[in-house]
Amino acid sequence: MKKFSLRALSVLPILALAGAAWANQPVVTVGVSISATGPAASLGIPEKNTVDVVKTEVDGVQVKYVVLDDATDTATAVRNMRKLISENNIDVMVGSTVTAASLALVDVAAEAKIPLISLNGNAVVVTPQEGAKKWAFKTPQNDSLMAKALLHAMQKQGVKTLGYIGFADAYGQGWLKELENVLQGTDIKLVATESFARTDTSVTGQIMKLIAAKPDAVLMGTAGTPGALPQRELIQRGYKGQTYHTHGSGNADFLRICGKACEGVILPAGPVMVAAQLEDDNPVKTLGMEYTKLYESKFGEGTVSVFGGHMWDASAIINAAIPRAIASDRQPGSERFRAAMRDALENNKDVGGVHGIFNTTPEDHTGLDERARVLVKVIDGKWVYQPDLLK
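Below, the structure is looked at part by part. Source: prediction; values computed, not measured. Sequence order as written defines the numbering, with residues in each chain counted from 1. Whole-chain, interface and lining totals are the exception, using all residues; otherwise, since this is a predicted model, local features are given only for residues with pLDDT of at least 70 and side-chain atom pairs are given and counted only at 80 or more. Values reported for side chains reflect all heavy atoms of the structure, with hydrogen atoms and water molecules removed beforehand.

Considerations on helix α6 (residues 170–183)
Rules: Runs of E in the DSSP output that reach at least two residues are strands. Runs of H or I that reach at least four are helices, and both are numbered from the N terminus. Given the number of residues in a helix, its expected span is that number minus one, multiplied by 1.5 Å. For the exposure calls, accessible area comes from a 1.4 Å probe over protein chains only, and a residue counts as buried if that area is under 20% of its type's maximum, exposed if over 50%, partly exposed in between. The directions from the helix axis to the C-beta atoms are what the arc is built from. Only heavy atoms matter for contacts: two residues are in contact if any of them lie within 4.5 Å across the pair. Pairs of N or O atoms are called polar contacts if they sit within 3.5 Å, as long as, within protein, a hydrogen donor faces a hydrogen acceptor (for residues adjacent in sequence, only side-chain-to-side-chain pairs).
Taking 1.5 Å of rise per residue, 14 residues should cover 20 Å, and α6 covers 20 Å from first to last C-alpha, within 8% of that figure. Listed in full, the buried residues belonging to α6 are Tyr171, Gly172, Gly174, Trp175, Glu178, Leu179, Val182 and Leu183. What you see down the axis of α6 is that its buried residues fit within an arc of 160°, all on one side. Across α6 from its buried face, at more than 90 degrees, point the exposed residues Gln173 and Lys177. On its buried face, α6 sits against α4 (99–112), α5 (143–156), β7 (161–167), β8 (189–196) and β9 (217–221). A side-chain oxygen of the first residue of α6 lies 3.0 Å from the backbone nitrogen of tyrosine 171; this N-cap is aspartate 169. Of the residues trailing α6, glycine 185 is marked for its positive phi of about 80°.

Right under this line is the structure:
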C-alpha cells in the first residue's frame, strides 16, 4: 500500500505540470448551429457527427467546438448564435444547414463582428462580398458550379426539354434561378416548373402537371429526404424520362427513403461521396478516404455523407487560418482576434478539403473550382462515379 502511495505521489508533479501547460494553451472557440432535427436532419446529423472526428489542436492551439441544434428553424438558429456569443464568447461561427437559417446568421455575424462559415450551398449566403457578407464564408460548392455539371450530363444524354420541381423556399427558388441561367444559350427548353414545401406529404398534383408537359427529363431542386417524395411519385406515375437531383440529395438517408424509385438518378456531388472510386491523381482522393475512414470507424460503414464533409472542410479552413490570426493577435476571445480570423479566412491558399481545394479571396468567400464536383448515378442502390458525363 505504501509503495502504491509513493508511486501515486511521484506522478502528481508531472500531472500538475501537464495540466498547467494545457491550461496555458490558447483556445479558439467555434460555435456551431446545425439542423440535427427537423426536415433537414438527414443533412445536419452527419454535420454534427463530424465534429466528433475533426482535428481539435493546431500548432499548439486548442480548438473547442460548442454544438447546438436549430431544428431546421431560422429563429432558433439566430437564438443559438446569440447564445454562443454571450455564453461561450465564440471566435468563429459555423452554420447553418439550410439557406434561410444561414442567411439570418449573416446579419448576426456582421453585428457581432464574428466570422461565419455556412454549410449551405446557395451562393446568396456569401455574395456579393460586401456589407454584412464580408463576414460570411461557406464550404459547400456554389449551386452554379453544380448546375453547370448537370448541364454537361443533360447535353451528353441528349435532353431537349426539361421539367423542374423544387422546394418552395430559398433553396428551391435559388436552384430554379441557377437552372434558368445555365440553360441560356443552349437548346434545352424548360417546359414546366413546380414547387412544394419541405413538410408536404403529397405532390401528386405537381407531378401530374410535370408529366403532362412531357419533358425528356426532370430536375428536383431539393435537399435531404424530402427529395424522395417527388422522385417516388414520378416513378409511380410511370414517368420514363431521366431524373436529376441537386447535390442536396447526396446522402444515404435519401437512398434509403427513396428505395428502388431512385435507380438511375443522376446528380452532382462533392468528390468525397465517391472518394474510393476517384482517379489516383485526383487532388482530394487521399483526404476524402482519410475522412471516410475516420467517420465510418466511429459511426458505421456506409454512413459518410457529403454534408459531414462540409463540416470537415469548415474545420480545415479554420485550422488553416488560426496560425495567421494568432500571429497577429495572441488573444482568442477578443474582437481583434475575430477580425484577424476573418482576414485569414479570406486569404486561405491551397487548403485541402474533402470536397476540393480552397483558395479564398476578397472577391470569393467559397474558393472552390471544378475540382470540387463530380457526377454520380444511382446503380443498384449505390452512388457510382460517372466521369464520362463531365468530359
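Now that the structure is up, let's keep going.
Quick notes on the packing of aromatic side chains
Threshold: The pairing test for Phe, Tyr and Trp rings, Trp by its six-membered ring, is centres within 6.5 Å, and the orientation test on the planes gives stacked under 30 degrees, edge-to-face over 60, and tilted for anything in between.
Inspection of the entire model under this criterion finds five aromatic pairs. Ring-pair connections join several aromatic residues into one group, and the members of that group are Tyr291, Tyr295, Phe299 and Trp312.

Comments concerning the nonpolar core
Cut-off, in case you're wondering: Nonpolar core, defined: a set of buried Ala, Val, Leu, Ile, Met, Phe, Trp, Tyr and Cys residues in which side-chain atoms within 4.5 Å join the residues together.
Ranked by internal contacts, the top residues of the largest apolar core, which has 119 residues, are Tyr65, Val94, Ile117, Tyr244, Ile318, Ile322 and Trp383. Here this core takes 12 residues from helix α11 (residues 306–328), the largest share from any one element. Here tryptophan 383 is in contact with Ser249, Gly250, Asn251, Phe254, Leu255, Leu267, Met273, Val274, Gln277, Val376, Lys377 and Val378, once residues within four sequence places are set aside.

Structural notes on empty space enclosed by the protein
Operational definition: Here a cavity denotes grid points, spaced 1 Å and computed from the protein atoms alone, that fit a 1.4 Å probe unable to get out, and a pocket denotes an open set having protein on both sides within 12 Å along at least 5 of 7 lines; residues with an atom within 4 Å of a point are the lining. Grid points are joined across faces, edges and corners, and a volume is the space filled by probe spheres set on the points. All amino acids are sorted into three groups, where Ala, Val, Leu, Ile, Met, Phe, Trp, Tyr, Cys and Pro are nonpolar, Asp, Glu, Lys and Arg are charged, and the leftover types, Gly among them, are polar.
Summed over the entire model, instances satisfying the criterion amount to two cavities of 30 Å³ or more. When its volume is computed, the largest cavity comes out at roughly 120 Å³. Thr97, Asn120, Gly121, Tyr171 and Phe307 are the residues nearest the centre of the largest cavity, which is lined by 15 residues in total. In terms of residue class, the lining of the largest cavity is built from seven nonpolar, seven polar and one charged. By volume, the second largest cavity amounts to about 30 Å³. Lining of the second largest cavity is provided by Phe137, Ile317, Leu345, Asn348, Phe358 and Thr360. Broken down by class, the residue content of the lining of the second largest cavity amounts to four nonpolar, two polar and no charged.

No statement about biological role is implied by the geometric values presented.
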